[in-house]
Amino acid sequence: MATEQGVGGRIEAVVARFFGGPLPDSEGLPRYVAPLPTWLENVGLRLAWPVALVNLVGTLFGFWYYAGRPLNLARPLVEGQLGAAPLLAYPLIPDSPAATMFIGLSLVAWKRGWNAEWLHALAFFGCIKLGLWTPFVQLVINGPGGIAAWLYWFLVLSHLAMALEAFLIHRYASFSVPAVAVAVFWYGFNDVVDYFVAVLGGPHHTILRAEVVAGGLDHTLPAHDLAAGWAVVLTILATFLALATRVEKLKRRRATA
């Protein structure tokens, strides 16, 4: 049965024929923490296995992007951004592949019935942060120059899809305070080493084409500050949304107790 009338309800009914099974209840959360219509949440959750697979394949693509794609610098680094960094810095560099890995594994954990609140929180933060940071950087800071058109728009659209995926997680996660604390620590730490405190040969943010100059990379350009500011704003936004979601869920549980 479709939960909503119209085209969305019909789409859900079709998907439900092939991907049945129980779904977590929709708790009627306010739109500011649950902006997707219920039918779209249901479709996304019914397609959890394929969506998880797509994200994990995207993780592999992301590692190729960071490790195998030549960088367009004055002195080409054919081994890519990962190959140019020390081994200990590797976990700090591929932020988007880590985010797709988190959401893929989060969906797997939910489907398998595993208790992984910390993973769900990391997935939520990663999808919100990288899902909105990358389109901003590509559209506002970098522009389409210096990259193939297909790759440029793939980066923009695939990351926007990540941001939408974030709003499936509230259906099966509680956003416990310890779990949110793990995500705040990880993504806050990434902000620090990506933009403000150079460690292990950093900064470790994704290389911005707008920072590429004749001598290599210039982190004193305004592009660096814009990317840094937006990253911090998104970490704050993800923290607010995660905790606000927890508060709204607790309100509804107390009202029905």
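Residues numbered from 1 in each chain as written. Predicted model: local features only at pLDDT ≥ 70, side-chain atom pairs only at ≥ 80, totals over all residues. Heavy atoms only, no water.

> Where do I start with the pattern of salt bridges in this structure?
Pairing between side chains of opposite charge can happen when the charged atoms of each approach one another. The tally for this structure, following the rule as stated, stands at six salt bridges. With its nearest N and O atoms 2.5 Å apart, the salt bridge here joins E27 to K249. Taken together, the residues span a long stretch of sequence, with E27 in the loop between α1 (7–18) and α2 (38–46) and K249 in helix α9 (residues 222–256) at a distance of 222 residues. Judged by relative accessible area, which is 25%, E27 ranks as partly exposed. On the basis of relative accessible area, K249 is assigned to the buried category, the value being 2%. The salt bridge involving R253 is made with E27; its shortest N-O contact spans 3.9 Å. One end of the pair, R253, is in helix α9; the other, E27, is in the loop between α1 and α2, and 226 residues separate them in sequence. Where salt bridges share partners, they join E27, K249 and R253 into one cluster. (Salt bridge = Lys/Arg side-chain N within 4 Å of Asp/Glu carboxyl O. Helix = DSSP H or I, 4+ residues; strand = E, 2+ residues; numbered from the N terminus. Buried < 20%, exposed > 50% of the residue type's maximum accessible area, 1.4 Å probe, protein only.)

> Where do I start with the confidence of the model for the protein in this structure?
Caution applies to low-pLDDT parts of the model: their predicted coordinates are not meant to be read in detail. Residue-level pLDDT values for the protein average 89, and 92% of them are 70 or greater. Contacts from residues 70–78, a stretch scored under 50 in pLDDT, to residues over four places away or in other chains number 13 contacts. (pLDDT = per-residue confidence, 0-100. Contact = heavy atoms within 4.5 Å.)

> Help me out: how do you make sense of the nonpolar core in this one?
Nonpolar side chains tend to gather and get buried jointly when the protein is soluble and globular. If you look at the biggest cluster of nonpolar residues, it comprises 52 residues, and the most contacted ones within it are F124, F125, W133, I169 and Y172. Among the elements of the structure, α3 (48–67), α5 (95–112), α6 (117–142), α8 (177–196) and α9 are those that each provide at least two residues to this core. Per element, the largest residue contribution to this core is twelve residues, and it comes from α6. The contacts of I169, once residues within four sequence positions are left out, are I103, H120, A123, F124 and F175. Core analysis: the second largest hydrophobic core is formed by ten residues, Y66, L82, I93 and Y152 among them. (Core = buried A, V, L, I, M, F, W, Y, C linked by side-chain atoms within 4.5 Å.)

> Any chance you could explain a nonpolar patch on the surface here in plain terms?
A cluster of nonpolar side chains, contributed by L139, V140, W153, L157 and L160, occupies part of the molecular surface with about 490 Å² of accessible area. When contributions to the nonpolar patch are tallied by element, the ones reaching two or more residues are α6 and α7 (149–165). If one sorts the elements of the nonpolar patch by residue count, α7 sits on top with three residues. Positionally, W153 belongs in helix α7. (Patch = residues over 30% accessible without salt bridge, like charges linked within 9 Å, V, L, I, M, F, W, Y side chains within 5 Å. Areas by Shrake-Rupley, 256 points an atom, 1.4 Å probe, with all protein chains shown as cover.)

> What am I meant to see in the UniProt feature "transmembrane region" (unreviewed entry) in the protein here?
The residues that UniProt annotates with the feature "transmembrane region" (unreviewed entry) are residues 47–67, 87–110, 122–141, 147–165, 172–189 and 227–244. Between the C-alpha atoms that bound residues 47–67 the distance is 30 Å, and the span itself is 95% helix and 0% strand. Annotated as 67% helix and 0% strand, the span residues 87–110 places its first and last C-alpha atoms 32 Å apart. (UniProt positions renumbered as here; feature names shortened; annotations may be inferred.)

> What should I look at first to understand α8 in this one?
Taking 1.5 Å of rise per residue, the 20 residues of α8 would be expected to cover 28 Å, and the 27 Å separating its terminal C-alpha atoms lies within 8% of that figure. Buried-residue contacts for α8 involve α5, α6 and α9. (Expected span 1.5 Å × (residues − 1).)

> Please clarify how α3 should be interpreted in this entry.
An α-helical turn contains 3.6 residues, so a residue and the one three or four places further along point in the same direction. Helix length check: α3, at 20 residues, gives a terminal C-alpha distance of 28 Å against a target of 28 Å (1.5 Å per residue), a fit within 8%. Those residues of α3 lying buried are A48, V51, A52, N55, T59, G62, Y65 and Y66. Looking straight down α3, one finds that the buried residues subtend no more than 125° of arc, so they occupy a single side. Along α3, the residues that are exposed and aim more than 90 degrees away from the buried face are L53, V54 and L60. (Arc of directions from axis to C-beta.)

> Honestly, the side chain of N190 in this entry has me stumped. Any pointers?
Note that N190 resides in helix α8. From its side chain, N190 meets the backbone oxygen of W186 in a polar contact 2.9 Å long. Not counting residues within four places of it along the chain, the set of residues in contact with N190 comprises L92 and D95. (Polar contact = N/O pair within 3.5 Å; in protein donor to acceptor, adjacent residues only side chain to side chain.)

> Just checking my understanding: could you explain the side chain of N142 for this structure?
Secondary-structure assignment places N142 in helix α6. Note on N142: relative accessible area 14%, which makes it buried. Of note is the side chain of N142, whose polar atom sits 3.0 Å from the backbone nitrogen of R209. In this view, N142 contacts V137, L208, R209 and A210; residues no more than four positions away in its chain are not counted.

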